Amino acid sequence: MTEAILLVGGRGTRLRPLTVHTPKPMLPAAGVPFLTHQLARARAAGVDHIVLATSYLAEVFEPHFGDGSALGLHLEYVTEEEPLGTGGAIRNAAAHLHSAPEDPVLVFNGDILTGLDIRRLVGTHRTTGADVSLHLTQVTDPRAYGLVPTDETGRVLAFLEKPQTPEEIVTDQINAGAYVFRRSVIDTIPAGRPVSVERETFPDLLAAGAHLQGMVDSTYWLDLGTPAAFVRGSADLVLGRAPSPAVPGRCGDRLVLPTARVAGDAKLTGGTVVGEGAFVGEGARVFGSTVLAGAVVEPGAVITDSLIGARARIGERSVLTGTVVGDGAVIGADNELRAGVRVWCDAQIPTGALRFSSDEGAQ
């Protein structure tokens, strides 16, 4: 297998304000754009030609990756003028494929961090003679996902909407967002209109008697669609829990990029990343968080499970837990921000303006 389509057109609305200026696949995870990890893993699996299906902020991809030669790939870019959904994006990108009708084409989503054995998925597709093969993963609580039950041979039996009652939970297998299509099947997707591969293409193929094969691979899998998940995914890459050949350095408790500066008594743990040109001051403690390029963490600040945007500034002694700070925002000294808070790009919070605890006693 030599070809793939990578779906990178989503607006990343659940990740805002991180995606105000940057499309989701280009957000830095473990020091490089998340898309870099996906491209590197595909290359390691034998893929050499990838078509990127872009839409939102499409203009930022090609200046960064170019023709893909630096990664050992041949990259092409297709831009949707109007969002076409997952199925529509696949159909729109297919014109740039070179595969023969019976050849396998890998398709994967630009927001899934996974340890999927790509070669095994392609091998399963070939040996079973499937029209489409799907990566399935098992989750403890499948209520938030569509279910994909299979028979004893792995053949897909149905696509079930998110279960509403315990009786509807007939399997713990869910669609994990990576597929292998027979090239000719892609051409059956309607062109020029929005199509959901999950809600329309796959159910219609199943109803028409097509062979859809599921392959369960329950290695590392994480949907990076929310800020908390994105921060965790980046930390897991640094810690070595999530596999990627593109992490710029050795796996460990922290990743400090070359032009960053960290005070000698600052403590960085839990897979923390400090980006290019960023600064972490004296006595600051940063756990399981990402500090993007040019950001400043002033002395004594405590940051946990948070993402600090490019050029943002966190004031002295401020405490952030599960917080997203947009690009260029300024958090004054002695603030306390807790889980779920999103500070918008270029916003300014004055000294001591936000707290959850008393202003007296230890923070």
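First things first, this report covers the structure right here in the doc. This one's a predicted model, so the numbers in the text were calculated from it and none came from an experiment. (Residues numbered from 1 in each chain as written. Predicted model: local features only at pLDDT ≥ 70, side-chain atom pairs only at ≥ 80, totals over all residues. Heavy atoms only, no water.)

## Some points on the overall build of the protein
So, step 1. Each helix and strand counted, the protein has seven helices and 28 strands in total.
So, step 2. Relative to a compact globule of 363 residues, whose C-alpha radius of gyration would be 21 Å, the protein shows 22 Å and is just as compact.
So, step 3. Expressed as lengths along the three principal axes of its C-alpha atoms, the size of the protein is roughly 70 × 50 × 35 Å.
So, step 4. Within the protein, the proportion of its 363 residues that are buried is 55%.
So, step 5. Look at the contacts in the protein between residues 6 or more apart in sequence, and 52% of them connect residues 24 or more apart.
So, step 6. With an accessible surface of roughly 15,300 Å², the protein has 51% of that area assigned to carbon and sulfur atoms.
So, step 7. The distance from the centre of the 30 positive side-chain charges to the centre of the 41 negative ones in the protein is 4 Å. (Helix = DSSP H or I, 4+ residues; strand = E, 2+ residues; numbered from the N terminus. Rg over C-alpha atoms; globule rule 2.2 N^0.38 Å. Buried < 20%, exposed > 50% of the residue type's maximum accessible area, 1.4 Å probe, protein only. Contact = heavy atoms within 4.5 Å. Areas by Shrake-Rupley, 256 points an atom, 1.4 Å probe, with all protein chains shown as cover. Lys, Arg positive; Asp, Glu negative; His and termini not counted. Charge placed at Lys NZ, Arg CZ, Asp CG, Glu CD.)

## Some points on the nonpolar core
So, step 1. Ranked by size, the top nonpolar core spans 28 residues in total, and within it Ile90, Val132, Phe181 and Phe202 carry the most contacts.
So, step 2. At the level of elements, strand S1 (3–7), strand S4 (49–54), helix H3 (85–93), strand S6 (104–109), strand S8 (132–138), strand S9 (173–182), helix H5 (183–186) and helix H6 (197–207) are the ones that each hand at least two residues to this core.
So, step 3. Apart from residues lying up to four places away in sequence, Phe181 is in contact with Ile90, Asp103, Pro104, Val105, Val107, His125, Asp131, Val132, Ile186, Ile189, Val197 and Phe202.
So, step 4. Counting 25 residues, the second largest nonpolar core, distinct from the first, contains Leu6, Phe61, Leu73 and Ile118. (Core = buried A, V, L, I, M, F, W, Y, C linked by side-chain atoms within 4.5 Å.)

## Details of the pattern of salt bridges
So, step 1. Counting across every chain of the model gives 14 salt bridges.
So, step 2. Between Arg313 and Glu298 there is a salt bridge whose closest N-O contact spans 2.8 Å. Highlighted residues: Arg313 in strand S22 (residues 313–314) and Glu298 in the loop between strand S19 (296–297) and strand S20 (302–304), separated in sequence by 15 residues.
So, step 3. In this structure Arg313 comes out as partly exposed when scored by relative accessible area, which is 36%.
So, step 4. In the salt-bridge network here, residues are joined through shared partners; they are Glu102, Asp131 and Arg182. (Salt bridge = Lys/Arg side-chain N within 4 Å of Asp/Glu carboxyl O.)

## As for the side chain of Thr269
So, step 1. Its place among the elements puts Thr269 in strand S14 (residues 267–269).
So, step 2. Thr269 sits in the buried class, given a relative accessible area of 17%.
So, step 3. In this structure Thr269 touches Asp253, Val286, Phe287 and Gly288, once residues within four positions along its chain are discounted.

## Quick word on the packing of aromatic side chains
Any pair of aromatic rings gets described here by the distance separating the centres and the angle formed by the planes.
So, step 1. All chains considered together, the criterion is met by five aromatic pairs.
So, step 2. Aromatic side chains Tyr179 and Phe181 sit 6.3 Å apart centroid to centroid with 90 degrees between the ring planes, which places their arrangement in the edge-to-face category. Comparing Tyr179 with Phe181 shows no difference in burial state: the two are buried.
So, step 3. Through pairs of rings, three or more aromatic residues link up here, namely Phe159, Tyr179, Phe181 and Phe202. (Phe/Tyr/Trp six-rings, centres within 6.5 Å; stacked < 30°, edge-to-face > 60°.)

## Some words on the layout of surface pockets
So, step 1. One number sums up the size of the largest pocket: a volume of about 1,300 Å³.
So, step 2. Lining the largest pocket are 44 residues, with Thr86, Asn109, Asp111, Glu198 and Arg199 positioned closest to its centre.
So, step 3. Ranked by the residues each element gives to the lining of the largest pocket, the list is headed by S9, at five residues.
So, step 4. Residue composition of the lining of the largest pocket, by class: 20 nonpolar, 14 polar and ten charged.
So, step 5. Here the second largest pocket defines a volume of roughly 290 Å³.
So, step 6. In terms of lining residues, the second largest pocket is bounded by 18 residues, among which Met26, Pro28, Leu292, Ala293 and Ala310 are the most central.
So, step 7. Split into classes, the residues belonging to the lining of the second largest pocket amount to ten nonpolar, five polar and three charged. (1 Å grid on protein atoms, 1.4 Å probe; cavity = no way out; pocket = protein on both sides within 12 Å on 5 of 7 lines; lining within 4 Å. Points joined across faces, edges and corners; volume = space filled by probe spheres on them. Nonpolar A, V, L, I, M, F, W, Y, C, P; charged D, E, K, R; others polar.)

## Remarks on the sheet that holds strand S26 (residues 336–337)
Backbone-to-backbone hydrogen bonds join strands into a sheet, with any given pair of strands oriented parallel or antiparallel.
So, step 1. The five strands lie next to each other as S14-S17-S20-S23-S26, forming an open sheet whose pairing is parallel. Sheet topology places S14 and S26 at the edges, where each strand pairs with a single neighbour.
So, step 2. The sheet contact formed by strand S23 (residues 319–321) and S26 spans two bridges and is parallel. Bridge pairing in S26 links Val319 to Glu336. (Pairing = 2+ DSSP bridges.)

## Some thoughts on the sheet that holds strand S15 (residues 272–274)
So, step 1. With parallel pairing, the six strands of this open sheet are ordered in space as S12-S15-S18-S21-S24-S27. The sheet is open, and its two edges are formed by strand S12 (254–256) and strand S27 (342–343), each paired on a single side.
So, step 2. Looking at chain direction, strand S18 (residues 290–291) and strand S21 (residues 307–308) are connected through two bridges and run parallel. Bridge pairing in S21 places Thr290 opposite Leu307.
So, step 3. Where helix H7 (residues 227–239) meets the sheet, its contacts fall on S12, S15, S18, S21, strand S24 (324–325) and S27, and the angle it forms with S15 comes to roughly 90 degrees. (Axes fitted to C-alpha atoms, helices over the stretch in contact; angles between N-to-C directions.)

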